[in-house]
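A structural walkthrough
One-letter residues, chain by chain:
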Amino acid sequence: MFSELWSDVRYRTRALFRRRSVERELDDELRFHIEREAEALARQVRYAARSLRRQPTFTLTVVLILGGGIGASSAVFTVVNGLLLSKLPVPHPEQLAVVGDPAAVHSAWTGSPETDYVSYPVFADIRDQNTVFTGVYANGYGDDWDISIDGTATFEQARTRCVSGGFFSVLQVPAYLGRTFTATEDAVPGQDPYVVISYDYWQRRFNGDRSVIGRIIRVNRVTLTIIGITPPWFTGDIVGESIDFWMPMMMAPLVRPNRKLVDNRLASWLVIMGRLKPGVTLEQARAQIAAIEARSIRDHISGRTLSQFEDDLRSTPIRVESGAAGFSSVRAHYGSVIRIAMAAVGLLVLIVCANVCSLMLARAAGRAREMTVRMALGAGRSRLVRQLLTESAVLAILAGAVGLAVAAAGGRLLLATAAAGHDPIVLDTTPDPRVFAFTAGVTLACLVLFGLAPALRATRIDVAAALRAHGRSLFGSGGRGRRGSVTRSLVLAQIALSTLLLMGSGLLVRSVQRLLHVDLGLDRDHMLVAHVAATRTKYAGPRLAALRRELVARASEVPGVEAASYSLDGLLSGGQSAGHVDVSGFVARADSERQVYYDEVGPGFFHALGARIVRGRDLEPRDADANTYAAAINQTMANAYFRDRDPIGQTVTMDSASFTIAAVVRDVQEDANMRAKPVRRLYFATFAPSDLPQSFELLIRVRGQPASFVEPVRRALATLDPTVPVDVEPLTARIRGAVAQDILITKVTLVFGGLALALAALGLYGVTAYSTEQRTAEFGLRTALGAEAGAIARMVVGESTRLAIAGVVIGIPLGVAAARLIQRQIFGVGVVDVPSLSVAIAVLVAASLVASYVPARRAAGVSPLDALRAE
Amino acid sequence: MADKHARDDRDMDGKIDLPQGTLDLLILKALSLGAMHGWAISERLHQVSRATLQVPQGSLYPALHRLERRGLIRAHWGVSDNNRRAKYYDLTRTGQKRLDAETDAWQRLTSAVSLVLDMG
C-alpha cells in the first residue's frame, strides 16, 4: 500500500514538470490504438470484398438491382428536392415572404380585385405603406412578344417577366456585368427603357459577347437597352422556369398599350415578394399587408365590384407565406405527379429489397458449410454476423454509388419526360447534400432490410448437428418447411406489391383514356382550332371585324372543311371570360349566382362546332350587327335561371347591354381542365368592335382527319395577310396537352409497375428454381415410381402459380386501398374497376407461368439416377 | 480443452459493464502473460472471453494510467509488429503481488455469491 502511494506521488510529480511530453505521449498512444482499430476494420472490409469477388454474378446482380432501386428513388427525390424543397439561390432566402399565391405567376384577371395576385396600384400602396419589409417588389408575366435584337427585321421569342424596380435589390442579386435596376428607376411609365438579361440567355443568344451591354432589344417595337447581366446561378425567382430577361414594370404600358396594366386597380396580374425586417414574423406581416391591401381596394372601389371582392376575401383571405422556395406554377401543377411518383418508387424499393433479401438468404444458405466450419474452428457468432454485415455494407455502398450516379441522370430524364412538348422545366438536378443524405438513408434502410436478417439466420446454427446432416438440405430456403417460408413470404410480398402497382397503373391508364375521350359537347374528332394573335398586329375596330370575317371565309373555302366560325376565347385555350348578369324573372340570392362565363362568337358558331342546339336557332350574320343583340345560353344556365320557363325571348343583361336569348345549346366543355364541372355559359355575337387589337380563335370543322388539314388551312389563312401570326392545331392536340400531366403520371407508374413485375417474376423464378433443385431426390423418386414428366411439370407450375395467386389475393385489397388514396387523379372509373383489375391479374398469372416454366421442365426431366447422384 | 461449440441462445452479445476494480484485475492478468500495448490488451481480453468482453478505449487507457501511477505496471516505448511506435506495459513485482491477492479475493467472493444464489 505504501509503495503504491509513493509511486503515485512520484508519477504525479513527474507529470507536473514534464506536462507537455506526458500529453504528447498520451496522444501518440491513443493514436496508435485508433490506427489499429481502423486497420482491423479495413481488414474486414477487404475480406468481405474478396468473398464478394469470388461470386461475381451474385455481386453484380445485387448491386445492379439495388443500385437501380436506390437510383430510381434518388432520381425522384432529386426532382422533389429541386421542385418542392430547395430554396432560391439568393442570400438569406429565409427572410423572403410571398404575398398571395406563389403559384399565381401566370394568372391575370381583369374584373373584381383578386386576393391571390394584385394590380399595380394595390402593389404601390403595399410598397409605400408597409413597415414590415426592408424591400418589396412585384413580378408580372411577360407575353409572347415579338422581340427583335439590334433592330433586325426578324422576330423571335424569349421568356420574359415585368418586374418592379426593387426586384434585384430585394433578392440581393448583384450584376455579373453592367448593372441591375435601381429602386428609383421604374417610377414613371416609359422613363427607364432598360432590360437586364440572364447569364444563360447571354450565352445562348449573344454567345457571351461582352459588348452586349448597350445593345438594343425591341419588344413590340419599343426600344429597350441592355444594361446588365445576372450571375450564372440566378435564373429568376420562379422555380422550374428560366427567364431570359427582365423588363421594368413601367415599360409594360408601352409594350402592351391596349391593357391598362399599371393604372387600373382592377387589372390583377402581379405577384409580390418582400424581404422581412429582422424580428418581424410572417404572422405580423400578414396582418399588416392584408389590412393595407383591403384598405387599398375599399378606398377606391364600390358597388358590385367591391361586394365581389369582399366575397372573395372571405373565401380566400390574403396570404403571406415564406418565399424561401420562390414562386412556382410548375410546383403546383406537378405536385400530385411528384407525390404519386414517390409512392410508386417507394413500393419499388420495397420490392427491390425483398428481392435482394431472398438472394442474400439463398447465398447464405449456400455458404452454410463454410459458416459451420468456421464456427467449429472457434469463430464467435458475433464475428461471423459482423462479417456478413460487412459484406452487406460493401454491397449497399457500391449500390448506393451506382444509385447516386443514376439519380442525376434519372432526374433529368424525369424532367424531360414531364416537360415534353411544353417549355422545359429548369431545375438544378446535380445531387446536393440533401439528395446525398437521402440516398445514404435509403441505402442504410435497404442494408438493414436485406442484410441483417440473412446474417442472423445464417449464423444461428447448431454446429454439431449441421456437420452431421447434409449441408444443403438443412437450409432449404426454397423447399417446404419453416425455413422455406421466409423466402416464400418475401416472394408473396413482392407479388402483392406488384399487384398494387399494376392495379394503380391500370386505373390511371383507364382514367387517361376516359379523359382523352370525354364528351365535350361538340364534334371533337373533326375540329381544328387556329389561334390568331392579332394583338401583335395593328388590326383594330372595323378592320379587326373584317379580318375575322375574311379569315373564316378563307378557311371555309378549303376543300373538306364543313364549317368555320370564330370566338374570342376559343376552346381549351386556357383563357376564359366571366362576368355578372341579370336575368329577367330570376332573383339572385348572392353575387356568385349571377356569375356566368361568356364568349363573343361569330355567326354559325354552334354549327361549326357541331354542338347540339336544343331550342331556338344558331347565331347568324345579322346578329353580328348591333341591332339584334341575340345571345345563346347553355343547358346549365337554362336550368339555373329558367327551370320550367322557356328561355327563348327572355332578356339577359351584362354591363348595361341587354341580350335576347335566341337559343339554348347542350353544354360545350371549353375549360382546359378536363375535370371541370359544367358551368353557366353565355354566347353572343360580337356586339361592339374593339378599339384595340384583340386575339381570337377560329373553329374549323372538317371532314376526315383534322391533322391532314393543318397545312392547307394555314396556307389558306396566310393568303389573306401573311404577317398575321396564326397557329393551327387539331383540337385533339389541345386535349392531349390538357391531359399531359395525367399521361405523365400514368407513364411513370407504368414504368415502375413493369419493373416491379419483372422483379417479382424473377423472385418467383428464383424460389421455384431453388425449390426444384432441393427436391431433385423427390422428383427422381416420383419418376422412378412411374410419374409422367407432364404431371411433375404441372405440379411445379401449379405450386408456383398458387404462390402467385396468393400474392395477388393479398395485393388486391391493398390495391383498392391505394386507389382510394389517388382518387382525385382517377376520372371516369370507379376505385374497383373490373377491366383494369382483370388485366392486372392476367398479367401477373402469365408472368408466374413464364417464371415457373423453366424450372418445371427441369423438374420433369430429372432422371432417378441424377437424383441419387445429387445426394 | 473444453468443448468449443458455439451455440449461443442469446441474439447478440450483451454489453457487460465491468466495475473498475475488476477491469484492473483483468489488465494485470493479461499483462502477467507478457508485455503488451493497450490495443493488444483489449484484443486479448476480447478473444479469451469468447467475445463477451469489449473494453472501450475510454475505460482502458484511464485504467492503464491509473495502474501505472500506482506502480503496479510500468511502461516503455517500443516498436510494434507493424513498425509503429507503441507504448508497451508490463507487470512490476508489486503488480504481480497485487494480482495474486486480487485473484484470490475474487475467487472467494464469487464462490460465496454462488453459494448464496444456489440457496433458493
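The rules we used
Residues numbered from 1 in each chain as written. Chains lettered and ligands numbered in written order. Predicted model: local features only at pLDDT ≥ 70, side-chain atom pairs only at ≥ 80, totals over all residues. Helix = DSSP H or I, 4+ residues; strand = E, 2+ residues; numbered from the N terminus. Buried ≥ 20, exposed ≤ 12 C-beta atoms within 10 Å, placed from the backbone. Contact = placed C-beta atoms within 7 Å. Arc of directions from axis to C-beta. Pairing = 2+ DSSP bridges. Domains from an automatic or database assignment. Axes fitted to C-alpha atoms, helices over the stretch in contact; angles between N-to-C directions. Left-handed = near helix turned anticlockwise from the far one by under 90°. Nonpolar A, V, L, I, M, F, W, Y, C, P; charged D, E, K, R; others polar. Parallel < 35°, antiparallel > 145°, perpendicular 65-115°, else oblique. Expected span 1.5 Å × (residues − 1). pLDDT = per-residue confidence, 0-100. Core = buried A, V, L, I, M, F, W, Y, C linked by C-beta atoms within 7 Å.

Below, the discussion takes up the overall build of chain A. Looking only at helices and strands, one finds 25 helices and 25 strands in chain A. For the C-alpha atoms alone, the extent of chain A along its principal axes is close to 110 × 95 × 55 Å. Scored against the burial criterion, the 871 residues of chain A give a buried share of 44%. Long-range contacts, defined here as pairs at least 24 residues apart, represent 84% of the contacts in chain A between residues at least 6 apart.

Secondary structure assignment for chain B yields four helices and three strands. Mapped from its N terminus to its C terminus, chain B presents α and β elements in the order α-β-α-α-β-β-α. Taken across its 120 residues, chain B has 22% of its residues classed as buried. Here the contacts in chain B between residues at least 6 apart in sequence split such that 49% fall between residues at least 24 apart.

With that settled, consider the environment of Ser111 of chain B. Within the element layout of this structure, Ser111 of chain B appears in helix H4 (residues 93–118). When the C-alpha atoms of Ser111 of chain B and Gly95 of chain B are compared, they prove to be 24 Å apart, with 16 residues separating the residues in sequence.

So, about helix H11 (residues 368–376) of chain A. Three or more residues of H11 of chain A are buried, namely Met371, Thr372 and Met375 of chain A. Projected down its long axis, H11 of chain A carries its buried residues within an arc of 100°, all on one side.

Turning to the sheet that holds strand S1 (residues 36–37) of chain B, a few remarks are in order. Residues and elements named next belong to chain B. Reading across from one edge, S1-S3-S2 is the order of the three strands in this open sheet, with antiparallel pairing throughout. Every other strand in the sheet has two partners, leaving S1 and strand S2 (73–79) as the edge strands with one partner each. Pairing analysis gives seven bridges linking S2 to strand S3 (residues 85–91), with the strands arranged antiparallel. Bridging across to S3, Trp77 finds its partner in Lys87.

What follows deals with the domain arrangement of chain A. It is common to report an interface's size as the accessible area lost on association of the parts. By the assigned domains, chain A splits into domain 1 (1–54), domain 2 (93–329), domain 3 (331–515 + 740–870) and domain 4 (524–734). In this complex, domain 1 of chain A contributes seven residues to the contact, which on the side of domain 3 of chain A involves five residues.

All names here are of chain A. For the pair helix H23 (residues 789–821) and helix H24 (residues 834–860), interaxial distance at closest approach is 8 Å and the crossing angle is 145°. Once H23 is placed against H24, the crossing between them reads as right-handed. Contacts between H23 and H24 involve Ala789, Gly790, Ile792, Ala793, Val796, Val797, Ser800, Thr801, Ala804 and Val808 from the first element and Ile841, Leu844, Val845, Ser848, Leu849, Ala851, Ser852, Pro855, Ala856, Arg857, Ala859 and Ala860 from the second. Considered class by class, the residues forming the contact of H23 with H24 number 16 nonpolar, five polar and one charged.

Residues and elements named next belong to chain A. Of all the five residues making up strand S23 (residues 681–685), five are buried; the element is thus mostly covered by neighbouring parts of the structure. Residues Arg681, Tyr683 and Ala685 of S23 are buried on one face, and the alternating residues Leu682 and Phe684, pointing to the opposite face, are buried as well. As paired strands, strand S18 (residues 595–601) and S23 are joined by five bridges and run parallel to one another. Within S23, the position partnered with Val601 by the bridge is Ala685. Sheet topology note: the strand S20 (residues 630–634)/S23 ladder contains three bridges and is antiparallel.

In this section: the pairing of S18 of chain A. Residue and element names in this part refer to chain A. Counted residue by residue, S18 has five buried out of seven residues, so it is predominantly covered. Relative to S18, strand S16 (residues 577–580) runs antiparallel, the two being bridged by four bridges. Directly across from His580, in S18, lies its bridge partner Gln595.

Working note: a packed helix pair is described by the angle between its axes plus the distance between those axes. Residue and element names in this part refer to chain A. Packing of helix H3 (residues 56–85) against helix H12 (residues 381–418) brings their axes to within 6 Å, and their N-to-C directions diverge by 40°. Relative to H12, the element H3 is oriented oblique. Considering how the two elements wind past one another, H3 and H12 form a crossing that is right-handed. By residue class, the composition of the contact of H3 with H12 is 18 nonpolar, 10 polar and no charged.

With that settled, consider helix H16 (residues 541–557) of chain A. Residues and elements named next belong to chain A. With 17 residues, H16 extends 25 Å from end C-alpha to end C-alpha; this agrees with the ideal 24 Å at 1.5 Å per step. Looking at H16, one finds that the buried residues are Leu544, Leu547, Arg548, Leu551, Val552 and Ala555. End-on view of H16: buried residues confined to an arc of 125°, all on one side of the axis. Those residues of H16 that are exposed and aimed more than 90 degrees away from the buried face are Pro542, Ala546, Ala553 and Glu557. Against strand S14 (527–532), strand S15 (561–567), strand S24 (696–702) and helix H19 (710–718) lie the buried residues of H16.

Of the residues in chain B, 82% have a pLDDT of 70 or more, and the chain-wide mean is 80. Among the scores for the predicted complex, ipTM is 0.73 and pTM is 0.71.

A few words now on the nonpolar core. If you look at the biggest cluster of nonpolar residues, it comprises 231 residues, and the most contacted ones within it are Leu348, Ala631 and Ala756 of chain A. Per element, the largest residue contribution to this core is 22 residues, and it comes from helix H10 (residues 329–366) of chain A. Not counting residues within four places of it along the chain, the set of residues in contact with Ala631 of chain A comprises Val652, Phe659, Thr660, Ile661, Ala662, Leu682, Tyr683 and Phe684 of chain A. Core analysis: the next-biggest nonpolar cluster, separate from the first, contains 13 residues, Leu31, Leu64, Leu72 and Tyr89 of chain B among them.

Bringing the environment of Glu37 of chain A into the picture now. With respect to the secondary-structure elements, Glu37 of chain A resides in helix H2 (residues 19–53). Taking the C-alpha atoms as reference points, Glu37 of chain A and Gly236 of chain A, separated by 199 residues in sequence, lie 51 Å from one another.

Here the phi dihedral of His92 of chain A falls at roughly 50°; this positive angle occurs in a residue that is not glycine. In this structure His92 of chain A comes out as exposed when scored by C-beta crowding, with 12 C-beta atoms within 10 Å.

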